[in-house]
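The lines below spell out each chain.
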Amino acid sequence: VQLQASGGGLVQAGGSLRLSCAASGRTFSSYVMGWFRQAPGKEREFVAAIGRSGGSTYYADSVKGRFTISRDNAKNTVYLQMNSLKSEDTAVYYCAADSRVSTVVTNPPLWGQGTLVTVSS
């Protein structure tokens, strides 16, 4: 599967943004999907993940209650709705995939290119 992230941009603190990650291929629904981010000078970190059917979701503590991950298997797309954005959310955001949750939240083998989110204070 190939992943293409989009939707990044510049937003003021307190604002919202929705990221999308479109996947190629007909096996999208067999993948657990995730989002990671990498801020300048920092290591890449896990943000959120979602199970194959969308029934299970997982979040980093830093975004819990503010971000929502969802997926549309008919459109081969996973989303990350980001609300109440803070300056510390500024980062390049990447979507990722694997067949197992345990791998997606730690070291997924499949990555899309990043999309830059900049939150101005």
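Residues numbered from 1 in each chain as written. Predicted model: local features only at pLDDT ≥ 70, side-chain atom pairs only at ≥ 80, totals over all residues. Heavy atoms only, no water.

### Observations concerning the overall build of the chain
From N to C terminus, the chain includes 1 helix and 11 strands. Since a compact globule built from 121 residues should have a radius of gyration of about 14 Å, the 13 Å found for the chain is in line with a globular shape. The buried share among the 121 residues of the chain stands at 44%. Pairs at least 24 residues apart make up 56% of the contacts formed inside the chain by residues separated by at least 6 positions. Accessible surface, the chain: about 6000 Å² in total, of which carbon and sulfur atoms supply 46%. Positive and negative side-chain charges of the chain, numbering 12 and 7 respectively, have mean locations separated by a distance of 7 Å. (Helix = DSSP H or I, 4+ residues; strand = E, 2+ residues; numbered from the N terminus. Rg over C-alpha atoms; globule rule 2.2 N^0.38 Å. Buried < 20%, exposed > 50% of the residue type's maximum accessible area, 1.4 Å probe, protein only. Contact = heavy atoms within 4.5 Å. Areas by Shrake-Rupley, 256 points an atom, 1.4 Å probe, with all protein chains shown as cover. Lys, Arg positive; Asp, Glu negative; His and termini not counted. Charge placed at Lys NZ, Arg CZ, Asp CG, Glu CD.)

### So, the state of the cysteines
Summed over all chains, the structure comprises 1 disulfide. What pairs with cysteine 21 in a disulfide is cysteine 95, and their sulfur atoms sit 2.1 Å apart. The sign of the S-S torsion, about 60°, decides the handedness of the disulfide formed by cysteine 21 and cysteine 95: right-handed. Note that cysteine 21 is positioned in strand E3 (residues 17–23) and cysteine 95 in strand E9 (residues 91–98), a separation of 74 residues in sequence. Assessed through its relative accessible area of 0%, cysteine 21 is described here as buried. (Disulfide = S-S within 2.5 Å.)

### Focus: the nonpolar core
Within the largest apolar cluster, 35 residues are counted, with the highest numbers of intra-cluster contacts made by Met33, Trp35, Leu80, Met82 and Tyr93. Counting only elements with at least two residues in this core, the list comes to strand E1 (3–6), E3, strand E4 (32–38), strand E5 (45–50), strand E7 (67–72), strand E8 (77–82), E9 and strand E11 (115–120). (Core = buried A, V, L, I, M, F, W, Y, C linked by side-chain atoms within 4.5 Å.)

### Description of the side chain of arginine 71
Note on placement: arginine 71 falls in strand E7. There is no salt bridge for the buried arginine 71, and the closest opposite charge comes from aspartate 72, which lies 8.3 Å off by N-O distance. At 2.8 Å, the side chain of arginine 71 forms a polar contact with the backbone oxygen of glycine 51. Within the structure, the side chain of arginine 71 is placed 2.8 Å from the side chain of asparagine 73, a separation counted as a polar contact. (Salt bridge = Lys/Arg side-chain N within 4 Å of Asp/Glu carboxyl O. Polar contact = N/O pair within 3.5 Å; in protein donor to acceptor, adjacent residues only side chain to side chain.)

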